[in-house]
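Chain residues, written in single-letter form:
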Amino acid sequence: MSILLGKLTLDALPHEWFTIGGTVAVVGMLATLVIFLTYFKLWKWLWKEWLTSTDPKKIGVMYIIVSALMLFRGALDAAMIWLQQILSHGSSQGYLSANHFQQIFTAHGDIMVFFVTTGFLFGLMNLIVPLQIGARDLASPFLNTLGFWLFVSGAILINFFFIFGGQFAATGWLAQAPLSELQFSPGVGVDYWIWSLQISGLGTLLGGINFIMTILKKRAPGMTLMKMPMFVWTSLCSSFLIVSVFPILAMTINLLFLDRFLGMHFFTTGFGGNPMMYTNLIWSWGHPEVYILVLPAFGAYSEIVATFSGKRVYGYVSMVCSAIGITLLSLLVWLHHFFTMGSGADVNVFFGIMTAVIAIPTGAQVFNWLFTMRGGSIRYFTPMKWFLAFVATFTLGGMAGVMMSVPAIDYQVHNTLFLVAHFHTMIIGGALFGIFAGITYWFPKFMGFRLNERFGTYAFWCWLVGFFVSFVPLYILGLMGASRRLDHYDASMGWQWLFIVAALGLAIIALGALFQVIQIIVSVVQRKQNMDTTGDPWNGRTLEWSTSSPPPFYNFAVIPEVHSRDAFWEMKHHKEGTEVVYEDIMMPKNTAMGIYISGFAFLIGFGFVWHIIWLALAGLAGVVVCVIVYSLDDDTEYLIPAAEIERMENQRKLS
């Protein structure tokens, strides 16, 4: 049985309230989905039109849908954390055990970083980058679909402990060694962590490579690097960071796996292991990851501010230089996460200076946005409101970050809720608000109608107010000495009322999320009132607005020629009566190979989690066979004749 099932026994089946509840919820949702698709006979349509699609627009939408589902899961974890901290003080132990609390803490961090923010941003990049550079597709449509399905496979695996295992890692979201070693975490929770991140991280790495190839090689004629939109620039910088640091994450996780699986001692507390090597490696990935998430959001803000101010983005060259500067400097600040390890004054001073210096290009971007607004004819639609929410929150988080760049201050607030509040300020205020702004801004381009402004404004105010109500108390608690990962505290500390206020802030944020759901429902119901028939609902400046809403599957019937930075703005104001000449177009065929490879990758991960060696080897063999089969397939594209393109374009113009 050990050969057949490894460590998997009946004890791994759900038997605690949270695993039973999670399993019931997952099975219930899947059953509902299956019944719905079967009743309306949508299986064939779903498989052909979406799941096997290589269209980056459809892949982008699927990224956003999966990330939205994971956001719901991560938000539930946050609510459980805050409820425990409200209830567990003095003689009361709350409703969670210390170990269960740490599992939730770990899962919340990993889900929100790897499967929410990363997924949302890859969704936006898939939707926007090809259109902004005048391309019909990414450089490798197959790598694009494979990267997405690896992301989905990792998302499934990180939740699979509900069904088999019962416990997740209780190590913090980065599985800090030696706590994540077998001696201190003998269960399979850390193994689920290792393989879910390894699989999804590979998908992210493939995506980064693909976007670099696309941006460097697929730009429209005349679009030099210094004529690219800022969203493309920041996506390129983010992709270079992905390619630079995700191999570090992969190798670090692999070394931890070897420690746990083969009894090696890279990061153990004995036999020559060095836990601090793990800390250096994981944070040399971890801090650039923050900028991987924030940089594309910065690009979205640049597009939004320019459009709704009616002006070219101020200081374009300095914006590009700032993005590149942030990219380079982000690789030189990782040690500020552990100033307290005793590296010495010289090392601490260097990383403290680097941390303070990175605020300069970041601040330059903010000031350029403000100067873009100055003298402009500003229209305060919802995307612009999300930008203003970012300015308010990011200013607070940035000041806290500069404070913590001073080692002496960091010694006082290290490992406290002050740090938790700062991190959430940067990620929520920087990346998540940028995601909301970008989705709202580009929504009519891909859905054909604008989102409801009234409910969008309600959501904006709830998120902004709820954010400050939630996290300002955490700054205060951190200064009072409250540590992070805190599941119980003495009543004499007087902290409970601040935790209650923070939880009220979460309730306000939840109301904002509810308004966002209502906004989408109302917008769908009232879509005829907000229909975009021009393809340019905001009077945009970049190429994506030159196509219809939604764009055709081939993006551009004729690849545009670019003469300036704001290519579409120039086209609108300098119209030339050139005759349109259509040509044949080659487009990639749909393929299910990404699904098959990711499914086998899931088997590899699940097999190694439970030490089912034959299953892991079978999964590896399946991956190799699928890759070979796809590489030998030359029939991956199809031709659309010029006459058919002309017919579809004429039909779209009439409609």
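Refer to the structure printed above.
The rules behind each value
- Here the residue index of a chain counts from 1 through its sequence in written order.
- The predicted origin of the model limits local features to residues at a pLDDT of at least 70 and limits the giving and counting of side-chain atom pairs to 80 or more, whereas totals for whole chains, interfaces and linings rest on all residues.
- The side-chain quantities take in all heavy atoms of the structure and omit both hydrogens and water.
- Strands are runs of DSSP state E lasting at least two residues, helices are runs of H or I lasting at least four, and both sets are numbered from the N terminus onward.
- A 3.5 Å cut-off defines polar contacts: any pair of N or O atoms within that distance qualifies, except that in protein one atom must be a possible hydrogen donor and the other a possible acceptor, and neighbouring residues in sequence count only when both atoms are side-chain atoms.
- Contact definition: two residues touch when any of their heavy atoms are within 4.5 Å.
- Criterion for a disulfide: a pair of cysteine sulfur atoms at a distance within 2.5 Å.
- Relative accessibility thresholds used throughout: buried, under 20% of the residue-type maximum; exposed, over 50%; partly exposed, between the two (1.4 Å probe, protein chains only).
- In the sections that follow, a salt bridge refers to a side-chain nitrogen of Lys or Arg positioned within 4 Å of a carboxyl oxygen of Asp or Glu.
- The nonpolar core is taken to be a set of buried Ala, Val, Leu, Ile, Met, Phe, Trp, Tyr and Cys residues, with the residues joined through side-chain atoms within 4.5 Å.
- Between N-to-C directions, angles span 0 to 180 degrees; the directions come from axes that are lines fitted to C-alpha atoms, helices contributing only their stretch in contact.
- Here the word oblique covers every angle except those under 35 degrees (roughly parallel), over 145 (roughly antiparallel) and from 65 to 115 (roughly perpendicular).
- It is the rotation of the near helix from the far one that decides the hand of a crossing: anticlockwise by less than a right angle makes it left-handed, clockwise makes it right-handed.
- Three residue categories are used. Nonpolar comprises Ala, Val, Leu, Ile, Met, Phe, Trp, Tyr, Cys and Pro, charged comprises Asp, Glu, Lys and Arg, and polar comprises the others, including Gly.
- Between rings of Phe, Tyr and Trp, where Trp is taken as its six-membered ring, a pair exists when centres lie within 6.5 Å; planes separated by under 30 degrees are stacked, by over 60 edge-to-face, and by other angles tilted.
- In this scheme, Lys NZ or Arg CZ marks a charge over a ring once it lies within 6 Å of the ring centre and within 35 degrees of the ring normal.

A.B. asks: Describe the side chain of Thr-268, listing the residues and the values that go with them.
C.D. replies: Topologically, Thr-268 is positioned in the loop between helix H8 (230-262) and helix H9 (275-309). One polar contact links the side chain of Thr-268 to the main-chain carbonyl oxygen of Gly-270, over a distance of 2.6 Å. Not counting residues within four places of it along the chain, the set of residues in contact with Thr-268 comprises Glu-181, Asp-259, Gly-273, Asn-274 and Pro-275.

A.B. asks: So what's going on with the state of the cysteines? Residues and values would help.
C.D. replies: Two cysteines whose sulfur atoms are joined by a covalent bond form what is called a disulfide. Taken as a whole, this structure holds zero disulfides when the rule is applied. Unpaired in terms of disulfides, Cys-237 finds its nearest cysteine sulfur in Cys-321, a separation of 10 Å. Judged by its relative accessible area of 5%, Cys-237 is buried.

A.B. asks: How would you explain the side chain of Asp-566 if you had to name every residue and give the values?
C.D. replies: As for its placement among the helices and strands, Asp-566 is situated in the loop between helix H17 (496-525) and helix H18 (567-573). The contacts of Asp-566, once residues within four sequence positions are left out, are Arg-312 and Arg-541.

A.B. asks: Describe the pattern of salt bridges, listing the residues and the values that go with them.
C.D. replies: Counted by the stated rule, this structure contains nine salt bridges. Among the ionic pairs, Lys-572 bridges to Asp-536, the shortest N-O distance being 2.9 Å. Of this pair, Lys-572 sits in helix H18 while Asp-536 is found in the loop between H17 and H18, placing the two residues 36 residues apart along the sequence. Comparing Lys-572 with Asp-536, the two get one shared label, buried.

A.B. asks: Residue-level account of the nonpolar core, with values.
C.D. replies: What tends to happen in soluble globular proteins is that the nonpolar side chains get buried as a cluster. Within the largest apolar cluster, 186 residues are counted, with the highest numbers of intra-cluster contacts made by Tyr-192 and Trp-193. Top contributing element to this core by residue count: H9, with 18 residues. Excluding residues that lie within four positions of it along the chain, Tyr-192 makes contacts with Leu-157, Phe-160, Phe-161, Phe-164, Phe-168, Phe-606, Val-609 and Trp-610. By size, the runner-up hydrophobic cluster in this structure holds nine residues, among which are Tyr-554, Tyr-582, Ile-585 and Met-587.

A.B. asks: With reference to specific residues and values, describe the packing of helix H5 (residues 98-132) against helix H7 (residues 189-217).
C.D. replies: Direction vectors running N to C along H5 and H7 enclose 20°, while the axes themselves pass 12 Å from each other. Here H7 runs roughly parallel to H5, going by the angle between their axes. As H5 runs across H7, the sense of the crossing is left-handed. In this structure, H5 uses Asp-110, Phe-114, Phe-115, Thr-118, Phe-122, Met-125, Asn-126 and Val-129 to contact H7, whose residues at the interface are Trp-193, Ser-196, Leu-197, Ser-200, Thr-204, Gly-207, Gly-208, Phe-211 and Ile-215. For the contact of H5 with H7, the class distribution of residues is nine nonpolar, seven polar and one charged.

A.B. asks: Account for the packing of aromatic side chains, naming residues and giving values.
C.D. replies: Using the criterion set out here, one finds 69 aromatic pairs in the structure. Judged by centre distance (4.5 Å) and plane angle (25°), the ring pair of Phe-161 and Phe-162 falls under stacked. Each member of the pair, Phe-161 as well as Phe-162, is classed as buried. Both rings, one in Trp-386 and one in Phe-436, keep their centres 5.1 Å apart while their planes meet at 55°; by these two values the pair is tilted. One end of the pair, Trp-386, is in helix H13 (residues 382-404); the other, Phe-436, is in helix H15 (residues 417-447), and 50 residues separate them in sequence. Neither Trp-386 nor Phe-436 differs from the other in exposure class; each is buried. The positively charged end of Lys-58 is found above the aromatic ring belonging to Trp-50, 5.5 Å away from the centroid. In this arrangement the basic side chain of Arg-541 is found over the ring face of Trp-569, its NZ or CZ atom lying 4.1 Å from the centre.

A.B. asks: Please provide a residue-by-residue account of the packing of helix H4 (residues 56-87) against helix H6 (residues 141-159), values included.
C.D. replies: It is the contact of H4 with H6, at a shortest axis distance of 10 Å, that shows an interaxial angle of 15°. The angle between the axes of H4 and H6 places the two elements in the roughly parallel class. H6 is crossed by H4, and the crossing has left-handed handedness. Touching Pro-56, Ile-59, Met-62, Tyr-63, Val-66, Ser-67, Met-70 and Arg-73 of H4 are Asn-144, Thr-145, Gly-147, Phe-148, Phe-151, Val-152, Ala-155, Ile-158 and Asn-159, all from H6.

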